[in-house]
Amino acid sequence: MNLDSIEEIGPATKVNLTNAGVGSVKDLVVRGPYNISEITGLSIEKAVELCNKARIKLEELGALEKSFITATELYNKRQSIARISTGSRCLDELLGGGIETGSITEIYGEFGSGKTQICHTTAILVQQSKKDGGLEGKAIYVDTENTFRPERIVSISKARNIEYINSLENIIVAKVFNSSHQELVIQELGKIIENNNIKLVLLDSAISHFRAEFLGRGTLSERQQRLNKLMHMLIRIAEIYNIAIIITNQIQSTPDIVFGDPYRPTGGNVIAHASTYRVYLKKAGKNRIARIVDSPYHAEIEALFSLGEKGITDPI
Ligand code: GTP
Ligand code: MG
């Protein structure tokens, strides 16, 4: 679906878009009008027009959900959502069958609670056949904390009797050095997803660079604006390419909470609203407790799982 399929894109605009790295109709929709206007210098009105045309094109081709559909159609569509196993049946059940495509699943919790281990395990399992909990696709691992370890991919694969050479080959790693580099990497995801049969994108973690770089109250609103743009791009990527996205997040204590758990995920409303599912991990001796938080249709239920040689497993 190249840019020529949209009549409103003349030769000059096409050159302009291509030079800015926007090569397809899907790219246009993923970037959104504000990004398109920023990177090409087109007026915002023109950018809105192009992005709307692009969305209609994708709807016509069935690549994107129509704007108006019945609840029945939606229900039927949701029955066919694909899911990726986490490696633990208990955790999968908590999530309604595994990590969903077309959505963002946020995993948050204290250090050592298993966020990075979930990322490593799902990056391997997404490659497996459907009966083994996968989608026969590849993963992109966006590593912002320098904690991706290929050795861990090897050890988890071996423990699960999976050919580790394939596991390694099917994970594309992007090391991210700062927040603007992270923005660039997310913008570039579309092309890599399309050309590599990607079914899962991992962002471990979503906001650590932003937290480290934007210090103090004065910079908070700029930080949140940039995070907001980033998260919306991720939502569109999940939707348009029908892939699963997992983001990890840290916790911070909120001293004003008198009753209950004083820990909240970082990133405020921007992250809260962008995530379809939020999973809170807590340590419980050798096991871990996962709880679904703020879900539109899950009760606040909990499940136990464990961390071991196989990565994520059922509780001991
Ligand atoms: P932060 O990124 O620091 O916030 O933590 P995290 O939530 O990402 O924690 P992570 O997923 O890295 O979990 C670390 C825990 O996983 C360790 O405390 C171990 O319990 C377990 N773990 C990590 N590597 C291995 C391994 O090779 N073998 C086994 N059995 N367990 C491991
Ligand atoms: Mg981690």
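Residues numbered from 1 in each chain as written. Chains lettered and ligands numbered in written order. Predicted model: local features only at pLDDT ≥ 70, side-chain atom pairs only at ≥ 80, totals over all residues. Heavy atoms only, no water.

A. Highlighting the state of the cysteines. Under the defined criterion, the tally for this structure stands at zero disulfides. Just so you know, Cys-90 is unpaired, no disulfide at all, and the nearest cysteine sulfur is the one on Cys-119, 20 Å from it. Looking at Cys-90, the relative accessible area reads 29%, which means it is partly exposed. (Disulfide = S-S within 2.5 Å. Buried < 20%, exposed > 50% of the residue type's maximum accessible area, 1.4 Å probe, protein only.)

B. Quick peek at the pairing of strand E6 (residues 198-204). Buried residues dominate E6, accounting for six of its seven residues. Judged from the six bridges that link them, strand E4 (residues 138-143) and E6 form a sheet pairing that is parallel. Of the residues in E6, the one forming a bridge with Val-142 is Leu-203. With four bridges connecting them, E6 and strand E7 (residues 244-249) associate as parallel partners. Bridge pairing in E7 links Leu-202 to Ile-246. (Helix = DSSP H or I, 4+ residues; strand = E, 2+ residues; numbered from the N terminus. Pairing = 2+ DSSP bridges.)

C. Structural detail: helix H9 (residues 179-196). Helix length check: H9 (18 residues) gives 25 Å between terminal C-alpha atoms against 26 Å at 1.5 Å per residue, within 8%. The principal kink in H9, of about 40°, is found at Leu-189. Among the structural elements, helix H2 (25-40), E4, strand E5 (171-175), E6, helix H10 (208-213) and helix H11 (220-240) are those in contact with the buried residues of H9. In the stretch just after H9, Asn-197 is the one whose phi turns positive, near 50°. (Expected span 1.5 Å × (residues − 1). Bend = angle between axes of the 7 residues up to and from the residue. Contact = heavy atoms within 4.5 Å.)

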